[in-house]
Every structure is written in structure tokens, then in C-alpha cells.
Amino acid sequence: MPRGPCSLVRVSATPVAVLAVALVSSLSRCSLLEPENSVVSALSPYFGTKTRYEDANPGLLPDPEVPRRDPELLEETCTPVQLVALIRHGTRYPTTKQIRKLRQLHGLLQARGAEDDRTRAAGRGDLGAALADWPLWYADWMDGQLVEKGRQDMRQLALRLASLFPALFSRENYGRLQLVTSSKHRCVDSGAAFLQGLWQHYHPGLPPPDIADMECGPPRINDKLMRFFDHCEKFLTQVERNATALYHVEAFKTGPEMQNILKKVADILQVPVNNLNADLIQVAFFTCSFDLAIKGVKSPWCDVFDIDDAKVLEYLNDLKQYWKRGYGYSINSRSSCTLFQDIFQHLDKAVKQKQRSQPVSSPVILQFGHAETLLPLLSLMGYFKDKEPLTAYNYKEQMHRKFRSGHIVPYASNLIFVLYHCKNAKTPKEEFRVQMLLNEKVLPLAHSQETVSLYEDLKNHYKDILQSCHTSEECELPKVNTSDEL
């Protein structure tokens, strides 16, 4: 069996066993769902966090394995010496919770059986009948796992990055890759698929070995880094488990925009409006996106909604992400500072090694997480901040908002830090520069809109975050004084 040149990342026996089971079970279950030719829907730009990467980055559609080099990327006298990439997992199945809601909606449609028979007998068809007959192929075991399209997302991203930064992704550097992942199956499998894409880059036409047979083994799990939100008790208590924290989300569900869609969908499906609610409508909308992303088919669910509906449903999704992921409540963005510190620790180490004329020990660091990992970090860094907060009552005023989650964190979204060494620098300070890319496009600096920064200037801009990051204190719940006072 051929082996890749990457070195083993050592982890404890228990996580390795978990990873092995995850990889085997996921691969065995997902092989039956190969995506067909790419299908585009007019609704595609409005799927929020369920958006396909190519819909947010349409330049990739002609050839998804070939990078589209941003003209703002540094070249000539500046050489990339390190890349730190934070990558959201690829396309996934719906969660079990979403599947059960879809099953509930499907049951409502099938309960119209007698009415459907009368409609067909009269020679008339309707969309509700078509949806009742549309195969409900989702099963509980799928529960958010990576699909074959998601593996393809990762393999293609690996090929593009390797072509875009050939010196960093050289065969010689492959043994010095560092991969870290969330413990969720979809992230573990995304890391594995990325490695397979690199194998394809190095060995065109040669089938990649199993990840277990590569010397590097699976990515290292670190949930405190990649799922920091699960380890912040203040966020979990005050936001995640707080029924009133998402007030604006719940208020928008009962507001006029959503109620209009509710009535319209009830009429289209010919079911009582009292049997529907905003959650069922949203899962129906997402089913259009799942069928499109996973199987490459445009299902009848897409015909239930028009673009005006899609914009309202996108706003509902964005409201939830806004208030939970560090824009509405800052606790989640503040708790991401550990991840931000980790990125700069890697960059710092690379700078010091170059200053000592030493090779950079880790030229490429790849971290696989979630939309919930990326959004709080981008908020912490000052990106996609609107002048007014998103609320249940300013939908029309926010039509041109900066915060559109599907444009920021679609499946396979990526935030990349590239450290450059510039030989002809006039001063030592000018020797090291940094660029950031979001979804493979240069991301201008939030504070200056420049496309490149001196490394020391970037560190200085974020020094308050880097120097005052104390997540254990930040995430600690205030102590309640239970003593009785006279």
C-alpha cells in the first residue's frame, strides 16, 4: 500500500478509535449518494449557511479544481512562508432534528390522500400532491454527516490551494502539515478528504490510500479550539439555553413577513394554515437546498417559494446566526479569542524561525470547524458589522446588509492567513507581511481596507484582543450570593 510522506500526529488511543469508526461508517453510508451535474436554482443565493460553496464563489463553476488567483495576492519579491487556514466542513446531510420536521411536513401532505384522489380524478394536479409523492429519502442516521459532495468540496479546495501556493504545499512540506479538527464526523471527514485531495495533487491518477494507512493518520481533535462555544458556560447559559436570547428570531417568525409566507404556502400545499409554522416552512426551504447540494437535483420543494420568499427566509436564518454567533451577543465572539491567539502564535513562531534563518517547522496549518467557529472570529476581528443591528422589525431596512451568512460562511468556507517574507524590505519591520483571504478572495483589513499589512502592524492593531484574552474568566458565570441577609 503506498504511503504519503506526512508525519504522524499523535493522539490518545480513544480519539483514534472514535475517528476510525467515524470514517468507516461515514464512507460506507455515503457512497450511494453521488451528486449529479450541477443544477442552479434562482433561490441559491438565499440559502444562508446551507449555501453551496460554488454559489458563493461562482467563478469556480467552469473548473472547480483550478484556482482563480486574486490579482491582489502578493508576488514577486515576497514569498509565502506559512499558511494558516480555518475551514468549515463541506456539504452535509440535514440534522436529525431537521429530518424529523421534514417528516412531519411530509405527513401533513400525505394526510390529504382523499382530497388528492378527487383532484387527480378531475384531471387536475397540484404541487402538494407532487410533494407527497416526492421520495423522502432522508434517514435519522444521516444526522449532519458529510456527504460525497462535501468530500468533493474538500478535495477540490485542497487542489486549488496547492496550485495557488505551490511552495507551501510542496512534497517536501507535506510531512510538516498540521491538521486540527472538531470532533464532529463532518469535520473529521472533511480533514480526511482534504488530505486525499493533496494526495491527488502529488500522485495524479493514483488512488489515495485510506487515511489510516497514511503516515500522518487522521487530523488531531481539539474541541476547545474548534468548538470553543461548547466550552463557554456563560454563552451556553445566557444564549444557547436561554429561551429569551433569540427574541428577535421568534418575533420575526410571527411577524408580517413570515405570516404572509405561511398563508401562501398553506394555500399552495392545500393544507390548513394552523397546521404550519415558521420552523416547518424553513425546513421545507432548506430541503430545496439539501436536495440541490447533495444530489444535484431541483426538487418540487424549490417550486413552493419565489425569490421574495427566499429573501425573507434568508433573513430569518441570518437573524439566528447574528444573535447566536457573536454579532448580537458579544460573549461568543469574545470566547473565540483563544482561536485568534492560536493563529498568531503560529505566525509568531514562523517569523522567529525565519529571523534565525531556520526552516519554518509548520508551513501549513489546517483547522477544520464549523460556521459557528468562523462567524464569531470574524465578528471579533471587526468584519461584516452593520450600522444597525438586525432585528425582527427592520427587515426592509436591512435588505442591503453586510451580514449575509451564505455569502460569508457557505459550506467549505475558509479564512486563510498567509505570512510572507519580503527579501527587498528596507527595514526589518517591513520584512514580514500578512494577507487574509476569505473563500479564496483577498479580504481587505477591517480597519483600513488595505489588502496587505505589515505583520507587526496587524499584531499591534489586534493587541488588545491578543493580550487580554482570558476565556476562562470571560466564560465564567457570575457567582450568585446565596447567603441570607438580615
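Just above sits the structure.
Now for a look at the structure at hand. Quick caveat: nothing in here was measured; it's all calculated off a predicted structure. (Residues numbered from 1 in each chain as written. Predicted model: local features only at pLDDT ≥ 70, side-chain atom pairs only at ≥ 80, totals over all residues. Heavy atoms only, no water.)

**Here we look at the state of the cysteines**
Point 1. Scanning the model with the defined rule gives four disulfides in all.
Point 2. Two residues, Cys78 and Cys422, share a disulfide whose sulfurs are 2.1 Å apart. An S-S torsion of about 110° defines the bridge between Cys78 and Cys422 as right-handed. Residue Cys78 is found in strand 1 (residues 78-88), and its partner Cys422 is found in strand 5 (residues 414-422); the two are separated by 344 residues along the sequence. Judged on exposure class, the residue Cys78 and its partner Cys422 are both buried.
Point 3. Paired by a disulfide, Cys288 and Cys302 hold their sulfur atoms 2.1 Å apart. (Disulfide = S-S within 2.5 Å. Helix = DSSP H or I, 4+ residues; strand = E, 2+ residues; numbered from the N terminus. Buried < 20%, exposed > 50% of the residue type's maximum accessible area, 1.4 Å probe, protein only.)

**Looking at the pairing of strand 6 (residues 432-438)**
Point 1. Burial analysis of strand 6 places six of its seven residues in the buried class, the great majority of the element.
Point 2. Pairing analysis gives seven bridges linking strand 5 to strand 6, with the strands arranged antiparallel. In the sheet register, Val418 faces strand 6, and the bridge partner there is Gln435.
Point 3. Note that strand 6 and strand 8 (residues 453-454) share two bridges and pair antiparallel. What sits directly across from Val434, in strand 8, is Ser453.
Point 4. Where strand 6 meets strand 7 (residues 441-442), two bridges bridge the pair, whose relative direction is antiparallel. (Pairing = 2+ DSSP bridges.)

**A few points about empty space enclosed by the protein**
Point 1. All chains considered together, the criterion is met by two cavities of 30 Å³ or more.
Point 2. Taken together, Pro94, Gln98, Leu102, Tyr138, Val283, Thr287 and Phe290 make up the full set of residues lining the second largest cavity.
Point 3. Counting residues per element, the ones that place at least two in the lining of the second largest cavity are helix 3 (96-110) and helix 13 (278-295).
Point 4. When residues in the lining of the second largest cavity are grouped by element, the largest group, three residues, is from helix 13. (1 Å grid on protein atoms, 1.4 Å probe; cavity = no way out; pocket = protein on both sides within 12 Å on 5 of 7 lines; lining within 4 Å. Points joined across faces, edges and corners; volume = space filled by probe spheres on them.)

**Digging into unusual backbone geometry**
Point 1. At Gln270, a residue that is not glycine, the phi angle is positive and equals roughly 60°.
Point 2. Positionally, Gln270 belongs in the loop between helix 12 (256-269) and helix 13.
Point 3. A residue is classified by how much of its surface remains accessible, and Gln270, at 32% relative accessible area, is partly exposed.
Point 4. Positive phi, normally seen in glycine, also occurs at Asn439, with a value near 55°.
Point 5. Structurally, Asn439 is set in the loop between strand 6 and strand 7.

**Side note on the layout of surface pockets**
Point 1. When its volume is computed, the largest pocket comes out at roughly 1,100 Å³.
Point 2. Lining the largest pocket we find 38 residues, and of these Lys97, Gln98, Lys320, Lys324 and Arg325 sit closest to its centre.
Point 3. Within the residue set of the lining of the largest pocket, elements represented by two or more residues are helix 3, helix 10 (233-240), helix 11 (247-253), helix 13, helix 14 (307-324) and helix 17 (371-380).
Point 4. By residue number, the principal contributor to the lining of the largest pocket is helix 14, which donates five residues.
Point 5. Class assignment of the residues belonging to the lining of the largest pocket gives a composition of 10 nonpolar, 10 polar and 18 charged.
Point 6. The residue makeup of the lining of the largest pocket includes at least three contributed by each of domain 1 (51-92 + 146-239 + 329-475) and domain 2 (96-113 + 125-143 + 246-319). (Nonpolar A, V, L, I, M, F, W, Y, C, P; charged D, E, K, R; others polar. Domains from an automatic or database assignment.)

Function-wise, these values are silent; they only describe arrangement.
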